Amino acid sequence: MTAFDTSIERNAIEQHAAEPVNAARIRQPLYAPRRKIFPKRAEGTFRRFKWLVMLITLMIYYVTPWLRWDRGPHAPDQAVLVDMANRRFYFFFVEIWPQEFWLVAGLLVMAGFGLFLVTSAVGRAWCGYACPQTVWVDLFLVVERAIEGDRNARIKLDAAPYDARKLALRVSKHAIWLLIAVATGGAWIFYFADAPSLFVGLFTGRAAPIAYITIAVLTATTYVFGGLMREQVCTYMCPWPRIQAAMLDENSLTVTYNDWRGEPRSRHAKKALAAGDAVGDCVDCNACVAVCPMGIDIRDGQQLECITCALCIDACDGVMDKLNRDRGLISYATLADYNQNMALATAGGTSAIDPKRIRGRDGRLLPGITNVRFTRIVRPRTMVYFAAWSLVGLALLYGLMTRDRLQVNVLHDRNPQYVLLSDGAIRNGYTVKLLNKIPEPRAVIISLKGLPHAAMSAVGINEPASRKLAVTLEPDRLRTLKIYVAQPAAAINGSVQTFRFVVEDPSSFEADSYTASFEAPQP
Amino acid sequence: MSEKEIDDVTGVATTGHEWDGIKELNNPLPRWWVWTFYATIVWAFAYTIAYPAWPLISSATGGMLGYSSRQEVRAALDAAEASKADYVTAVAVASVDDILIDDALRTFATAAGAAAYKVNCVQCHGSGATGSAGYPSLNDDSWLWGGKPEDIRLTIAHGIRFVGDDMTRLSEMPAFADILSETEIGELAGHVASMSATPSTGAGADLYAANCAACHGDAGEGMVELGVPNLADAIWLYGASKEEIAAQIRAPRHGVMPAWQDRLGETTVKELAVYVHSLGGGQ
């Protein structure tokens, strides 16, 4: 008999009639219809954290396209803009041309390593907190609770026959869901056009058809996935958890029911204690099942449906507080810690779970027992991921800082490769592409480096042939020039000579060059 | 298959087929799937009624909607024509020189001219406009009839020695086989071949002054107004060797180019002139 009295308040804990959807004992045949889930409202640290994440992510999503960023008269003023028509992507002070899409590829590589890092450290945190599916389901549940009430009221309403009240509640719920869905689909398109003018255009019917189509498609998916399908998306449709599960190891934090202290669970501890039976901390109140948005029982162990949202931890901690017991019967824990504690509770696996083995005389857990050891996050595996993630990040940053804003690309004419002129000189033709990647007009100078006796002329620029050519470039545009380079017969010293086209902006000192070849007939 | 076999695990009847011990369950298709399938059948019938579909002996059913792929092509072509109508009108009224100084117009005319060139000109002048023996290269700066934009346009519009166009470019060099002896022709050819570098002196030079300078000029500089070739430059239409030059003195060959204005219209001829001028040799 332990020193503490477990009989107090046990009967004051509300028992929830909650059945996990995936329990083996009620497993249904193939093609079974969905078992409805009515998650109860949870309160606690993780729930508050989830509200915060939800607020931040939704704010980012809805507000970002409305931020302004002054880029001068020649570029759009929207901070984040995917300009498909002009093939430009604006992100605050960064402007990406299609040639620089490697930056986006690099971000995707970072996202990959980031996923490895976060998952190996804190498990499926993405699923539980940041995934849009989780965020929007949460939002839809807020609406559902506000209109139909919490778990028990919703169960009752669902079972009730349709009358005026039920119809009114259901219609208003779905109407608000649809409104949220439209706003979600509507917010997306603002990333692809000037938000204020598109907003006006939307309501005056002058927006592009693709805008309306996008809103319609995203409205449908938001409403169906967030409102109607909910946890089925995570369980049956999403490939992400399958990938994430492969990244967990025995040192990853996962939501864990600590059965080494919870078992044997008992609803009638007093009786059991009187009978001399061992009694764990779990009072089998099913609060953890009732709050689970996936409808599972975490006490059945790790299972693929679990998105580690930790609402069961909140629910259980609330119960433990009422019982005046240590929190963390359900907690974030690593498999390594769990095994260690389990070995202690079962005498190295030789006995059944005995709660007395892990408690001191005062009924508190022994000091050697740990649920969460955040030091586990820092270990070789996560360090390697972090190093890889940082390296890619630094490489991207370096690439971003040093990339050219003025570029020249040259194509040598292939047909003909060279032309004989009347005075015996040889002329080559080049298509020269000048890329001005800043949203300001520029005056640049193209010059020849090498071929000391050569001179060039450009189609459409009526200047005498020389070694320098002044060219104006439109802001944020590519200019294609046809340039002819000629060398007198005496200067040609081989069938292929190389030289460089150099383009310089004298006002910003930016420059780029391209090595081209000058071809002549075999001597 | 007299008896239905029920699968133990699922309680579902099997189809009776077996592959290496694996039996197929006879589950029905999901209902939405079946209904989609029926809908496709209905759609197919409606489609064949609405659109041309069923083959007949020499044609096909016309469909109820009056759809025709020829009409669609025509509409697309009309739309393409309409989309460039502004440019075409501008090219039609502008002179070639005006087109060349207008960036947008020049870009349009060059592209249109390049397309017309590929259809009408490559057969003689080559796909890279490099020409070949008897067919002038259009890239270089040697022009028999002048390389200014307007000269090029006139040449394209009315052709060279083209019977059937009153304004065609005309000139002919006499055959010297009956006038000079074979020896003299040889000496003359030797002199002409030397003109592009260091002109020789002696019998060949005297023969040249007496017979050729009137048209080809004292230094062999040619005469653009009459399409007389420059003999002092590096470019030879019929070959630079003494033998080839002698053959040309003996019995000159004269190239003929068709007049294109009647076939292609004024606008296209202008576009071609702009394109040819942009090849790098235009003056």
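It should be emphasised that the depicted structure is a prediction, and the values quoted were computed from it without experimental measurement. (Residues numbered from 1 in each chain as written. Chains lettered and ligands numbered in written order. Predicted model: local features only at pLDDT ≥ 70, side-chain atom pairs only at ≥ 80, totals over all residues. Heavy atoms only, no water.)

Moving on: the UniProt feature "transmembrane region" (unreviewed entry) in chain B. In the numbering used here, UniProt assigns the feature "transmembrane region" (unreviewed entry) to residues 32–54 of chain B. The span residues 32–54 of chain B is 83% helical and 0% strand by assignment, and the distance between its end C-alpha atoms comes to 30 Å. (UniProt positions renumbered as here; feature names shortened; annotations may be inferred. Helix = DSSP H or I, 4+ residues; strand = E, 2+ residues; numbered from the N terminus.)

On to the packing of helix H1 (residues 45–63) of chain A against helix H4 (residues 132–148) of chain A, then. All names here are of chain A. Running from N to C, H1 and H4 point in directions that differ by 105 degrees, and their axes come no closer than 10 Å. Relative to H4, the element H1 lies roughly perpendicular. Where H1 abuts H4, its residues Arg-47, Lys-50, Trp-51, Met-54, Thr-57, Leu-58, Tyr-61 and Tyr-62 lie against Thr-134, Val-135, Trp-136, Asp-138, Leu-139 and Val-142. Here the contact of H1 with H4 is built from residues that sort into nine nonpolar, two polar and three charged. (Axes fitted to C-alpha atoms, helices over the stretch in contact; angles between N-to-C directions. Parallel < 35°, antiparallel > 145°, perpendicular 65-115°, else oblique. Contact = heavy atoms within 4.5 Å. Nonpolar A, V, L, I, M, F, W, Y, C, P; charged D, E, K, R; others polar.)

Turning our eyes to something else, we now look at the confidence of the model for chain B. Summing up the model confidence of chain B, the mean pLDDT is 92 and the portion of residues at 70 or higher is 99%. Scoring of the predicted complex yields 0.77 for pTM and 0.81 for ipTM. (pLDDT = per-residue confidence, 0-100.)

If you look at soluble globular proteins, the nonpolar side chains tend to sit buried side by side. By size, the foremost hydrophobic cluster in this structure holds 38 residues, and its most contacted members are Val255(A), Ile298(A), Cys312(A), Ile313(A), Val319(A), Ile330(A) and Tyr332(A). Of all elements in the fold, only helix H3 (125–130), strand E4 (254–257), helix H13 (287–291), helix H14 (311–322) and strand E5 (330–333) of chain A reach the threshold of two or more residues within this core. Of the residues forming this core, the biggest block, seven residues, is contributed by H14(A). Residue contributions to this core reach at least three from each of two domains, namely domain 1 (45–247) and domain 2 (253–372) of chain A. Apart from residues no more than four positions distant in its own chain, Val255(A) is found in contact with Ile298(A), Gln302(A), Thr308(A), Ala310(A), Cys312(A), Ile313(A), Ile330(A), Ser331(A) and Tyr332(A). In terms of nonpolar packing, the next biggest core, distinct from the first, is built from 29 residues, Ile99(B), Leu100(B), Ala109(B) and Ile152(B) among them. (Core = buried A, V, L, I, M, F, W, Y, C linked by side-chain atoms within 4.5 Å. Buried < 20%, exposed > 50% of the residue type's maximum accessible area, 1.4 Å probe, protein only. Domains from an automatic or database assignment.)

The next point concerns the UniProt feature "transmembrane region" (unreviewed entry) in chain A. Residue and element names in this part refer to chain A. Within the UniProt annotation, "transmembrane region" (unreviewed entry) is assigned to residues 49–67, 101–122, 175–193, 199–225 and 383–401. Between the end C-alpha atoms of residues 49–67 there is a gap of 26 Å, over a span that is 79% helix and 0% strand. Summarising residues 199–225: 85% helix, 0% strand, and an end-to-end C-alpha distance of 26 Å.

The next point concerns the interface of chain B and chain A. The interface of chain B with chain A comprises 19 residues on the first partner and 16 residues on the second. Here chain B and chain A share an interface that buries about 1,300 Å² over both sides, 55% of which is from carbon and sulfur atoms. The interface formed by chain B and chain A includes zero salt bridges. Remark: the boundary between chain B and chain A carries eight residue pairs in polar contact (both at pLDDT 80 or more). Residues of the side of chain B that touches chain A, tallied by class, amount to four nonpolar, 10 polar and five charged. (Buried area = accessible area lost by both parts, 1.4 Å probe. Salt bridge = Lys/Arg side-chain N within 4 Å of Asp/Glu carboxyl O. Polar contact = N/O pair within 3.5 Å; in protein donor to acceptor, adjacent residues only side chain to side chain.)

To continue, consider the domain arrangement of chain A. All names here are of chain A. The domain architecture assigned to chain A consists of domain 1 (45–247), domain 2 (253–372) and domain 3 (406–519). Averaged C-alpha coordinates put domain 1 and domain 2 at centres separated by 36 Å. Each partner contributes to the interface: domain 1 provides 18 residues, whereas domain 2 provides 16 residues. Together, the buried faces of domain 1 and domain 2 total about 1,400 Å²; carbon and sulfur atoms form 59% of this surface. A per-residue breakdown of the area domain 1 buries against domain 2 is headed by Phe-46, Arg-124 and Thr-235, which together make up 34% of the total. Summed over the shared surface of domain 1 and domain 2, the number is zero salt bridges. Counting the contacts that link domain 1 with domain 2 gives 10 residue pairs in polar contact (both at pLDDT 80 or more). Mapped onto the side of domain 1 that touches domain 2, the elements with two or more residues apiece are H1, helix H2 (102–122), H3 and helix H9 (231–237).

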